[in-house]
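Tertiary structure, described
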Amino acid sequence: MQSETMEENKRVVQPFKSLEDLYSKIDKLEYWSGIIGLRKSTDYVYQGTDIDAQIDRPRKLQRDSVPKTIVCHDLMGGYLEDKFIDGSNVNDSYHFYHWSIVDTFIYFSHYFVTVPPFGWINAAHKHGVKILGTLITEGTGSQAIWDEILKSRNSIIKFADALVQLAQFYKFEGWLLNIENDINEADITKLTFFIQYLTENIHQKIEDSEIIWYDSVINTGKLMWQNELNDKNQCFFDNCDGIFLNYNWSDSGLIESAKRAKNTDRVKDIYVGLDVWGRGCPGGGGFNSAYALGKIRNQGLSAAIFAPAWTFEYFGPETFPRVENIFWAQLMEYLYIHVPIYENERFVTTFCRGAGEKYYEFGTQITFYDPETKATVLTNSSFYNMSMQRHQMIAVCPHLKFISIKLLPAVQKDDKSKPEPQLCTYETSHEIVKVLGKRITFDDKPNSYAGINCTQFSYDLSYEGGGCLKIITRNIRSYHRLFFVYVGFSREIQARVIYRNCNTDSGDDDKRSLVLLLGNGYGVTSYLPRDTIQYGLGWKMSIFHTNVRTTQEIGVALTHVGSCYIGKIILEETKRPRHM
């Protein structure tokens, strides 16, 4: 558990602000205990729309046959509450949980060398997602930094080795290279050598590592964003694992980029930038980000989604994660769901997102004994710690997809004034979302959930950690698809699900059951509990015995119309019987 106050929390992750800062600390790095290695994933993925349980048998796609997705996290300069290795008490901080549709996560800041914070490394790795740091130079004095790095072969190797050493030490997978300044034209050959050496060396030292080049400097050394792959930036692309194109691209530029990359079978190594803040990106970003993503995928290209924390920074923490879920729901048809592997390893989740107003253990808010008053009191247990995040659901509900949009153009009174925002109205199958500037409201439609099964996350209740999953069943002929995950054992799977019924539901609890569903290539099989027992204050535990040793999908259902809270799911190997 994290410290009780921020002031007590001394362990922080810090960037390196200069070349001198890096070299003075590289041989005395602070060890972080508890860093989790990257979880393996299957060689197949699913289409993002397959989150819908109405799709009976989701189709497997070879992972290397589909375009990839980078999420580049940029929020208010970086290193906020996430910099605290042991977490903080500011529970309304931004947290990301849509890991299933991400291949690589980049932690971005404007410091010289950005090392991803401890919590982000662990959260990404738990879900089988690579994580990269950022190398950036920009502004006054930045060209002089590269003059120093590129002055000799030894200085180039020294710098590249330091970057590899950082990634090895803190167990992340590589770097985004973002040079936002001119380079002396005479040094371009040296720069390409640096990229080549760094890429080859990190591949030797770190499995599944990546070096991604940002579309900035061209082959003459000038800072000149191309927004496409062409002969001016090809030399950088040829020497690393991929290029992150700038955001002001055109359809014709993407077509030409794809054609050029086909010559070396590297179309999917082009990551087209999608700026969620807009800033010249086709479609203007925000809730219309799917416009740009659709164009990117039309050319078979990968995508780099920049600053999706717009959902938090623009609208504020009060409406997060509701805005977050709506944002990602619009993109799902263009995304792919990867499948983490649990081979002879228990699958356990409490759905905790790494943040909460309260911290729970066994369904009870943690307490401490006050020796002065001789009373047991509730602790101030609000927390934010991405390392405490547990395995997250595959994605948001399909019912959050917009079915109609009404956008009014901004009004500008005169040439000197800023355009005044106008009301934008978005309709989903169950609510009306209205946006006016930074203000957003949600209005449920009459009978909005009629016949719809959906899930919600509750921060107000938890069995373990902060929060749990609420499932709402209006159609008992369908179920809730929660995870695409490969779980395999040498013996049959036994599952335990800890849950509680909602107080608002009427009816006889004894006649109600939670149903477990496990899926494989032959379809989904449902299992009724072998036993259900009371398990803590208001919680129950259902135990399921199955006849399968592997599963590729986990779901749940209710035998009645209603709702319940899922606090914990465990899949493990059936224990061998003891013989006398």
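Given the structure is predicted, the values throughout are model-derived calculations rather than measurements. (Residues numbered from 1 in each chain as written. Predicted model: local features only at pLDDT ≥ 70, side-chain atom pairs only at ≥ 80, totals over all residues. Heavy atoms only, no water.)

**Concerning the overall build of the protein**
Put simply, the rule reads: Numbering of helices and strands starts at the N terminus; helices are DSSP runs of H or I of at least 4 residues and strands are runs of E of at least 2. Each radius of gyration reported is based on C-alpha atoms, and the globular scaling rule is 2.2 Å times the count of residues to the power 0.38. With a 1.4 Å probe rolled over the protein chains alone, any residue whose accessible area is under 20% of its type maximum counts as buried; one over 50% counts as exposed, and the rest are partly exposed. To measure how exposed things are, a 1.4 Å probe is used in the Shrake-Rupley method; for residues, cover is taken only from the protein chains shown. Counted charges follow a simple rule, with Lys and Arg positive, Asp and Glu negative, and His plus the chain ends left uncounted. Here the site of a charge means atom NZ of a Lys, CZ of an Arg, CG of an Asp or CD of a Glu.
Looking only at helices and strands, the protein has 10 helices and 33 strands in total. A compact globule built from 580 residues would reach a C-alpha radius of gyration of about 25 Å, and the protein, at 25 Å, matches this within 12%. In terms of its C-alpha atoms, the protein occupies a principal-axis envelope of roughly 80 × 60 × 55 Å. For the protein, the proportion of its 580 residues judged to be buried stands at 58%. With the model as given, the accessible surface of the protein reaches about 25,200 Å², and the carbon-plus-sulfur share is 48%. The protein carries 62 positive and 69 negative side-chain charges, and their two centres are separated by 5 Å.

**Quick word on the confidence of the model for the protein**
Heads up, the condition is: Per residue, pLDDT captures the predictor's confidence, and it can take any value from 0 to 100. In this analysis, two residues are considered to be in contact whenever any of their non-hydrogen atoms come within 4.5 Å of each other.
Per-residue confidence for the protein gives a mean pLDDT of 92; residues scoring 70 or more make up 92%. Here residues 1–7 is modelled with pLDDT under 50, and outside its nearest four sequence neighbours on either side it reaches 23 contacts, counting other chains as well.

**Details of the environment of Gln 196**
Within the secondary structure, Gln 196 is located in helix α5 (residues 188–205). Overall, the relative accessible area of 31% leaves Gln 196 in the partly exposed class. Residues Gln 196 and Met 541 lie 345 residues apart in sequence; the distance between their C-alpha atoms is 55 Å.

**Observations concerning the state of the cysteines**
Put simply, the test is: In this description, the term disulfide denotes a pair of cysteine sulfurs within 2.5 Å.
By the definition in use, this model includes zero disulfides. This cysteine, Cys 235, is not joined by any disulfide, and Cys 240 carries the nearest cysteine sulfur, 9.9 Å off. The structure places no disulfide on Cys 502, whose sulfur is separated from the nearest cysteine sulfur, that of Cys 564, by 6.7 Å.

**Quick notes on the pattern of salt bridges**
A side chain with one charge may pair with a side chain of the opposite charge, provided their charged atoms come close. The condition that has to hold: We count a salt bridge whenever a side-chain nitrogen from Lys or Arg sits within 4 Å of a carboxyl oxygen from Asp or Glu.
What the rule picks out here adds up to 24 salt bridges. In this structure, Arg 322 and Asp 444 form a salt bridge, with 3.9 Å as the shortest nitrogen-oxygen distance. Here Arg 322 is found in helix α10 (residues 322–329), whereas its partner Asp 444 is found in strand β23 (residues 439–444), with 122 residues between them in sequence. Overlapping salt bridges bring together Lys 40, Glu 207 and Asp 208 as one network.

**Observations regarding the domain arrangement of the protein**
Cut-off, in case you're wondering: A domain assignment, automatic or from a database, supplies the domain bounds used here. Buried area: the sum, over both parts, of the accessible surface (1.4 Å probe) that disappears when the two are put together.
Along its sequence, the protein is carved into domain 1 (56–336) and domain 2 (347–395 + 450–573). Look at where the C-alpha atoms of domain 1 and domain 2 centre, and you get two points 34 Å apart. In this complex, domain 1 contributes 29 residues to the contact, which on the side of domain 2 involves 26 residues. Taking both partners together, domain 1 and domain 2 bury about 2,200 Å²; carbon and sulfur atoms supply 51% of that area.

**Section: α10**
Among the eight residues of α10, seven are classified as buried, and the element is accordingly described as predominantly covered. Turning to α10, its buried residues are Val 323, Glu 324, Asn 325, Ile 326, Phe 327, Trp 328 and Ala 329. The inward-facing, buried residues of α10 abut β3 (69–73), α8 (289–298), β11 (302–306), α9 (310–313), β22 (431–436) and β23.

**Points about helix α3 (residues 142–149)**
Just so we agree on the cut-off: Working note: the arc is built from the helix axis to C-beta atom directions.
Here α3 has its buried residues at Ser 142, Trp 146 and Ile 149. Down the axis of α3, the sector holding all buried residues measures 55°, keeping them to one side. Structurally, α3 contributes buried residues whose contacts are with α1 (19–25), β6 (130–138), α4 (153–170), β7 (174–180) and α5.

**Brief notes about the pairing of strand β24 (residues 454–458)**
Rules: Here, any two strands with at least 2 DSSP bridges between them count as paired.
Of all five residues in β24, four are buried, a share of seventy percent or more. When β24 meets strand β25 (residues 468–473), the two strands line up antiparallel, connected through five bridges. Residue pairing across strands places Cys 454 opposite Ile 472, the latter belonging to β25.

**Re the sheet that holds strand β20 (residues 404–407)**
For clarity, the threshold we go by: Axis lines are fitted to C-alpha atoms, over the contacting stretch for helices. Their N-to-C directions set the angle, which ranges from 0 to 180 degrees.
Pairing is antiparallel across the open sheet formed by four strands, whose spatial order is β20-β21-β22-β23. Edge strands, defined here as strands with exactly one partner in the open sheet, are β20 and β23. Strand-to-strand twist across the sheet, computed as the mean angle between neighbouring axes with direction ignored, equals 10°. The pairing of β22 with β23 spans six bridges and is classified as antiparallel.

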